[in-house]
Structures are given as structure tokens and as C-alpha cells.
Amino acid sequence: MEAKMRAAVFLALVLYLCLTSLTAAASDQNSRPCLLSNRTTAYKTFLSRHILEGAPSTEDQNAWEALLRSKKFCFRPTQSFLPESERQRVEAVCSPSGGKTFEGNMCISKQPFSFITVRVEHGTCGIKRIERQTRHLILACEKLRNVCQPVHFEGNPMNLSPDKNMPDCGLGRASAGVRTTAGLLSALSLLLVALEVVL
């Protein structure tokens, strides 16, 4: 009876380790730039929020307020907009040619960009301030349909520059799917060893 109890405890421990291994492998999806993602609309959302066709190129408060109201963007207190003509350069931030790995799933542009940041009074759509900025972009980058694309614009209030010692964006280790498969194989191996011990 005591041997069966030890075997059951051992099996429970191995099962716990297997599940922990699988969870760790699966949750690592956005720990680096350009990992596969199933958020298929994230890039379109990024474009609709930051590279708008017909966005004002001036700092005219009336024009910006009209745009924000028409797009229903009044709920976002700080918003940054890039010129449509810069779309290809913005996309390149998520590639070895245009960006360096920053932190998490973000890349920082190798070159600075000029863009407009609009600060809004929360809920009223009243413009607090409009400022033209020139900074390195910090973007979250995910692989969507086999292409690494920007999915989130992160502010750069400290005006940081890329670290030349960091790897280029888009160059990385195994994808999340490969790591998840490796985690699953490790977990199954542990389970087989446990079953051999019990039997």
C-alpha cells in the first residue's frame, strides 16, 4: 500500500511538472518580437490608430478635434500619428533593416521619425496639446500571416535610441510553436518515465 501511495504522489508531481512546462512554453508567445500571433487584425488596428489616411499634417486643433471625433478616438488621452507617406519605413521597424530589439516584443527604430502627438481631455475630445515630435519609434512587433508587422505604438518619453549591441529586429530564436512543441515533448518524456517507475 505504501509503495502505491508513493507512486501516486510521484505521478502527481510529474503531472504537475508536465503542465507547468506546457504553460511556460505556451505563455512565451509575446516575449520577443516577431513571434507568431493569432491576432490577425492587430496590424489593421495599428494602422487605423496611427497611420490615418487624410490625417492633418499641421497642428490645427480644430482639424485634429474633427478627426478624433469622426474616428471616435476621444477615449484615448494620448495619441500619436505618423504620416501615411512613412508607412513602409514604419513597417521596416519590425525587420532587421529598420529596427533593433528593444524589450519584450518591442523593437526600436534605427532612425528617428517625425510624427504628431495629440493629448486629449479625457471623454470630452477637447485638445489639450498638439506637438510635433522627432524620436525613435518603439513598436510591438508580431508575426501575422508569416510577416512581422507592427501591432502597438509605445511612447518614447525619454527619447531613447536603439542599443547597437542588441540584435536586429526579426532575428530570433525558435518560434512559439516550436517552443510549445518542444515543451510538449519534454512533458510527454517525463510522463513516460513516471509510468515506467510506477509500473
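Residues numbered from 1 in each chain as written. Predicted model: local features only at pLDDT ≥ 70, side-chain atom pairs only at ≥ 80, totals over all residues. Heavy atoms only, no water.

S.K.: Even after reading the chapter, I still don't get helix 2 (residues 42-50), so can you show me in this structure?
M.R.: Note that an α-helix has 3.6 residues per turn; residues three or four places apart therefore point the same way. Taken as a whole, helix 2 has its buried residues at Ala42, Tyr43, Phe46, Leu47 and His50. Mapping the buried residues of helix 2 onto a view down its axis gives an arc of 140 degrees, with all of them on the same face. As for helix 2, its buried residues are in contact with strand 2 (78-81), helix 4 (87-92), strand 5 (127-144) and strand 6 (147-154). (Buried < 20%, exposed > 50% of the residue type's maximum accessible area, 1.4 Å probe, protein only. Helix = DSSP H or I, 4+ residues; strand = E, 2+ residues; numbered from the N terminus. Arc of directions from axis to C-beta. Contact = heavy atoms within 4.5 Å.)

S.K.: What am I meant to see in the pairing of strand 6 here?
M.R.: One face of the sheet, then the other: side chains in a regular strand alternate in exactly this way. Bridging between strand 5 and strand 6 involves seven bridges; their strand directions are antiparallel. For glutamate 142, the partnering residue across the bridge sits in strand 6 and is glutamine 149. (Pairing = 2+ DSSP bridges.)

S.K.: Would you mind going over the state of the cysteines with me for this structure?
M.R.: A covalent bond between the sulfur atoms of two cysteines is referred to as a disulfide. Scanning all chains against the criterion turns up four disulfides. Here cysteine 94 pairs with cysteine 141 through a disulfide, and the sulfurs are 2.0 Å apart. On the sign convention where negative means left-handed, the S-S torsion of about -70 degrees between cysteine 94 and cysteine 141 marks this disulfide as left-handed. Of this pair, cysteine 94 sits in the loop between helix 4 and strand 3 (99-101) while cysteine 141 sits in strand 5, and the two are 47 residues apart along the sequence. For the pair cysteine 94 and cysteine 141, one class covers both residues: buried. Two residues share a disulfide in this structure: cysteine 107 and cysteine 169, whose sulfurs sit 1.9 Å from each other. (Disulfide = S-S within 2.5 Å.)

S.K.: Can you help me understand the nonpolar core in this one?
M.R.: One recurring pattern in soluble globular proteins is that nonpolar side chains are buried together. Core analysis: the biggest nonpolar cluster contains 25 residues, and Leu82, Val90, Leu137, Leu139 and Cys141 have the highest contact counts within it. Sorting the residues of this core by element identifies helix 2, strand 4 (106-120), strand 5 and strand 6 as the ones contributing at least two each. Among the elements that line this core, the one with the most residues is strand 5, at six residues. Discounting residues that sit within four places of it in the chain, leucine 82 has contacts with His50, Ile51, Val90, Phe113, Ser114, Phe115, Leu137 and Phe153. Counting residues in each nonpolar core, the second largest holds 13 residues, with Leu68, Phe73, Val118 and Cys125 among its members. (Core = buried A, V, L, I, M, F, W, Y, C linked by side-chain atoms within 4.5 Å.)

S.K.: Before we go on, may I ask you to explain the side chain of threonine 101 in this structure?
M.R.: Mapping threonine 101 onto the fold places it in strand 3. Owing to a relative accessible area of 14%, threonine 101 belongs among the buried residues under this scheme.

S.K.: Looking at this structure, I do not really get the packing of aromatic side chains. What am I missing?
M.R.: Each aromatic ring pair is specified by the distance between its two centres and by the angle formed by the two planes. The final tally for this structure, using the stated rule, is two aromatic pairs. Pairing tryptophan 64 with phenylalanine 81 gives two aromatic rings, centres 4.9 Å apart and planes at 35 degrees, and the pair type is tilted. Here the residue tryptophan 64 occupies a position in helix 3 (residues 61-71), and phenylalanine 81 occupies one in strand 2, the gap between them amounting to 17 residues. Looking at tryptophan 64, the relative accessible area reads 1%, which means it is buried. (Phe/Tyr/Trp six-rings, centres within 6.5 Å; stacked < 30°, edge-to-face > 60°.)

S.K.: Just checking my understanding: could you explain the side chain of lysine 100 for this structure?
M.R.: Within the fold, lysine 100 resides in strand 3. The class of lysine 100 is buried, set by a relative accessible area of 13%. A polar contact is formed between the side chain of lysine 100 and the backbone oxygen of lysine 164, at a distance of 3.5 Å. Each residue touching lysine 100, except ones within four places of it in the same chain, is listed here: Met106, Cys107, Ile108, Lys110, Pro162, Asp163, Lys164, Met166, Pro167, Asp168 and Cys169. (Polar contact = N/O pair within 3.5 Å; in protein donor to acceptor, adjacent residues only side chain to side chain.)

S.K.: What is the right way to look at unusual backbone geometry in this model?
M.R.: Excluding glycine, a negative phi dihedral is what most residues carry, and trans is how most peptide bonds are arranged. With phi around 70 degrees, cysteine 34 is a residue other than glycine that occupies positive phi space. Along the chain, the position of cysteine 34 falls in the loop between helix 1 (2-27) and strand 1 (35-36). For asparagine 159, which is not glycine, the phi dihedral falls at a positive 55 degrees. Position of asparagine 159 relative to the elements: it lies in the loop between strand 6 and helix 5 (176-198). Residue asparagine 159 is classed as partly exposed on the basis of its relative accessible area, which comes to 41%.

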